[in-house]
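# Topology and contacts: notes
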Amino acid sequence: MYIAVEGCSHGELDTIYNSVVRLEQIHGFKVDLLLCCGDFQSVRNEQDLKCMACPVKYMEMHDFYKYHSGEKKAPMLTIFIGGNHEASNYLQEFPYGGWVAPNIYYLGYAGVVRFGGLRIGGLSGIYKGPDFLKGHYEKPPYSGDSIRSVYHVRNLEVFRLKQLSGESDIFMSHDWPRGIYHHGPKEKLMKWKQHFRSEIENNTLGSRAAEDLLKKIRPKYWFSGHLHVKFPAVLRHKDENTQKVKVTKFLALDKCLPRRDFLQVIEVPSTQPLEISYDAEWLTILRLTNHLLSVGTQTVYMPGPGGSERYQFTPTKEEIEETIQMMNGNLRIPNNFSPTAESYNQNKGKPKMELVCMPLPVLNPQTTTLCDKLDLDDPLSLLSGAKRKSQTSPKANSQSLGLNDSELNITLETSKISNSPDEVELSDEDNADIVMEMRMSPDVSAEAEGSVEFVLSPIRRDESVGSQSPGEAPLSSSPRYSGVLGTSRQGMVLSSPKAENQTSPNPFICDSSSTSSSLSESESSPHRSPQAKRTNDEEVETLPQVETVSSSSSIDAGKGKKKFKRRNQAVYSSTEEDI
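The notes below deal with the structure included here. Being a predicted model, the structure only gives us computed values, none of them experimental.

On to the overall build of the protein chain. Broken down by element type, the protein chain carries 17 helices and 17 strands. In the protein chain, once contacts between residues fewer than 6 apart in sequence are set aside, the share between residues at least 24 apart is 79%. If you sum the accessible surface of the protein chain, you get close to 22,800 Å²; carbon and sulfur atoms cover 47% of it.

As structure tokens, this is what we get:
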């Protein structure tokens, strides 16, 4: 099974799908699933656009409304999480996930589904300490504060995800887990993105909540976006009791713009039919923790040891079986998409956003159906005055294992020590014009430290390619690279297409035994909408030339220094204020 992974979508669905289709044509495989790591921008109309946190003059409809209206259909199943630039009013209709358009599925505030035998989970939004311990109190029309706090991660979703047991194959978050940069080519990242240096050195860049989930869930793959740079890492987890080692392969991807590393295709084994279904354990966790849902602004702590209330909600077999019975024995996610608002009419021309008002809350029938089956509360329904379905805590399980407070709670004080910028805008010149491809080997030996195989295959841009139709002439591709440095540590080679015989100085390895592909947006879609302008004043800095994380460069080594633009440094400061 081939899975395409995309970083920050920013509404460019046509470009993303065209890129995937072209890769299929060039390399002869079929992509079965597309995963998007946030900033999806499922904007149906002008009112949705008004609910997205960005200045009015930069609001643009992009492509999603065509897929919502039925004018177009996603060519492959698409699963996405939310980021910090979303039509929040629409996503709030799906707190537990749902179809935002035919063949496009949103995981909700947090969610876990099954596809082809894989267990795929995700956490929407970004981490901000002051809102982490609050309830889901926001609803449209939003205020200047709530239009941003609505996409901030809450401790309820993190608590629920920590109750998962068993193996997890893929997990997505918009912002990076805090500290993940210590497990990859950190020095190259800091050279290429110097404004990250202080946060990396202080270990404050990224999400504390995602860091805790990474250590608890330990998925095989973890994908992120948000920081607009491609970055691979390998994290080893050692079980203190069994001494067994599990490996998580992390990959962050860029946003969808020309000459950006925004797309990756991986191949993983598939053991079951390629259809999306609910995860029975996750549904049971939702059901057992429904009483913990808050829609207020007051501080809410999750239960922990020391009290009479149940605090561990990893379900028993009997509880899972009860959930399956409530679902009538059918866990397949129904294709029950139904629009709750009209799609944008492009014949009206560019909307005058200063004249558009935010909509009122809408209850989605998909959410209503699921809540009725599992006896769940819809947060929007509660905010609209509905009565709770369940306020009592499930009976404590005598077989529950004791957990530390630190495993179940991130207090407000400690949550402030990590920083995740709400918006990262970098210039189009930051990245090179060759996109690397990485193939992740599905089988990793737990005995060998960091034993992970990768293939990085840059697809070169020929000047003549821009005018060619897909499939007319293949792109020239540089040779595969392989090499081993060190005795026991293995990982990835970030090879340079300019020096094909050069040995990379970092202790990573790549494998040349397999092929998959990735493609730059400029290759796949020569006709795209103009890029959005900056949302802040920019400053130009002159920096020494360095090798990029994506191991590709459009600047010759002999040219000395290169210029790149970046947003105001305030974006990367430790303040909790949204920008």
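Here we come to the sheet that holds strand β13 (residues 276-278). Within a beta sheet, neighbouring strands are joined by backbone hydrogen bonds and run either parallel or antiparallel to one another. The mixed open sheet is built from 7 strands, whose spatial order is β10-β11-β9-β8-β7-β6-β13. Looking at the sheet topology across the chains shown, the edges are occupied by β10 (231-238) and β13. In this sheet, neighbouring strand axes are inclined to one another by 25 degrees on average, regardless of whether the strands run parallel or antiparallel. In the packing of helix α11 (residues 280-288) onto the sheet, contacts are made with β6 (110-115), β7 (118-123) and β13, and the angle to β6 comes to roughly 155 degrees.

Take α11 next. For the α-helix, the turn length of 3.6 residues means that residues three or four positions removed from each other point alike. Across the 9 residues that make up α11, a large majority, 9, are buried. Those residues of α11 lying buried are Ala280, Glu281, Trp282, Leu283, Thr284, Ile285, Leu286, Arg287 and Leu288. Its side-chain oxygen placed 3.2 Å from the backbone nitrogen of Glu281, Asp279 serves as the N-cap of α11.

Applying the stated rule across the entire model yields 14 aromatic pairs. Ring geometry for Phe40 against Phe80: centres 3.9 Å apart, planes inclined by 15 degrees, an arrangement best described as stacked. Here Phe40, found in the loop between β2 (31-36) and α2 (46-50), pairs with Phe80, found in strand β3 (residues 77-80); they are 40 residues apart in sequence, far enough to count as distant. Summarising the burial analysis for this pair, Phe40 and Phe80 share the class buried. Between Tyr127 and Phe132 the ring centres are 5.5 Å apart and the planes differ by 70 degrees, which places this aromatic pair in the edge-to-face class. The pair formed by Tyr127 and Phe132 is uniform in burial state, with each residue classed as buried. A cation sits over an aromatic face here: Arg44 above Tyr90, 3.7 Å from the ring centre.

On to the packing of α11 against helix α12 (residues 317-326). Where α11 contacts α12, the axes come no closer than 9 Å and their chain directions differ by 95 degrees. With respect to their mutual orientation, α11 and α12 come out roughly perpendicular. Across the interface between the two elements, Ala280, Glu281, Leu283, Thr284, Arg287 and Leu288 from α11 touch Glu319, Ile320, Glu322, Thr323, Ile324 and Met326 from α12.

What follows covers helix α10 (residues 208-217). With respect to burial, α10 is a largely interior element, 8 of its 10 residues being buried. By the burial criterion, the buried members of α10 are Arg208, Ala209, Ala210, Glu211, Asp212, Leu213, Leu214 and Ile217. The backbone nitrogen of Ala209 lies 3.3 Å from a side-chain oxygen of the residue at the head of α10, namely Ser207. Where α10 ends, the next residue or the one after it, Arg218, has phi of about 55 degrees, a positive value.

Formed by 81 residues in total, the largest nonpolar core has its most connected members in Ile3, Ile79, Tyr105, Leu161, Trp176, Phe223 and Ile276. Element by element, the count of residues in this core is highest for α11, at 6 residues. Phe64, Tyr65, Phe80 and Tyr106 belong to the second largest nonpolar core, which has 39 residues in total.

Strand order in the open sheet formed by 6 strands is β4-β5-β3-β2-β1-β12, and the pairing between neighbours is mixed. At either end of the open sheet lies a strand with only one pairing partner, and these are β4 (98-101) and β12 (263-267). Across the sheet, the mean angle from the axis of one strand to that of its neighbour is 25 degrees, orientation sign disregarded.

With that settled, the discussion passes to the environment of Leu360. The residue Leu360 is located in the loop between α12 and α13 (365-374) in this model. A relative accessible area of 63% places Leu360 in the exposed class. Measuring from C-alpha to C-alpha, the distance between Leu360 and Asn89 comes to 8.5 Å, with 271 residues separating the pair along the chain. Non-local contacts of Leu360, meaning those with residues more than four positions away in its chain, are made with Pro140 and Pro141.

Turning our eyes to something else, we now look at unusual backbone geometry. Going from Pro140 to Pro141, the amide bond is cis rather than trans, its omega being 0 degrees. Tracing the chain through its elements places Pro141 in the loop between α5 (129-132) and α6 (146-149). You will see that Asn203, though not glycine, has its phi angle at about 55 degrees, which is positive. Mapped onto the elements, Asn203 comes out in the loop between α9 (197-201) and α10. Positive phi, normally seen in glycine, also occurs at Arg218, with a value near 55 degrees. Overall, Arg218 belongs to the partly exposed group, its relative accessible area being 22%.

Here β6 lies mainly inside the structure; 5 of its 6 residues are buried. Pairing of β6 with β7 involves 6 bridges; the strand directions are antiparallel. Within β7, the residue paired with Ala110 across the bridge is Leu123. What sits between β6 and β7 in their antiparallel hairpin is a turn of 2 residues, with Gly116 showing a positive phi close to 60 degrees.

Within this structure, the stated rule accounts for 24 salt bridges. One salt bridge in this structure joins Arg119 and Glu281, with 2.5 Å as the shortest N-O distance. With Arg119 in strand β7 and Glu281 in helix α11, this pair connects stretches of sequence that are 162 residues apart. Taken together, the shared-partner salt bridges in this structure form one network comprising Asp14, Asp63, Lys66 and Lys72.

Moving on, we come to the pairing of β4. As paired strands, β4 and strand β5 (residues 104-106) are joined by 3 bridges and run antiparallel to one another. Of the residues in β5, the one forming a bridge with Gly98 is Tyr106.

What counts, and at which threshold
- Residues numbered from 1 in each chain as written.
- Predicted model: local features only at pLDDT ≥ 70, side-chain atom pairs only at ≥ 80, totals over all residues.
- Heavy atoms only, no water.
- Helix = DSSP H or I, 4+ residues; strand = E, 2+ residues; numbered from the N terminus.
- Contact = heavy atoms within 4.5 Å.
- Areas by Shrake-Rupley, 256 points an atom, 1.4 Å probe, with all protein chains shown as cover.
- Pairing = 2+ DSSP bridges.
- Axes fitted to C-alpha atoms, helices over the stretch in contact; angles between N-to-C directions.
- Buried < 20%, exposed > 50% of the residue type's maximum accessible area, 1.4 Å probe, protein only.
- Polar contact = N/O pair within 3.5 Å; in protein donor to acceptor, adjacent residues only side chain to side chain.
- Phe/Tyr/Trp six-rings, centres within 6.5 Å; stacked < 30°, edge-to-face > 60°.
- Lys NZ or Arg CZ within 6 Å of the ring centre and 35° of its normal.
- Parallel < 35°, antiparallel > 145°, perpendicular 65-115°, else oblique.
- Core = buried A, V, L, I, M, F, W, Y, C linked by side-chain atoms within 4.5 Å.
- Salt bridge = Lys/Arg side-chain N within 4 Å of Asp/Glu carboxyl O.

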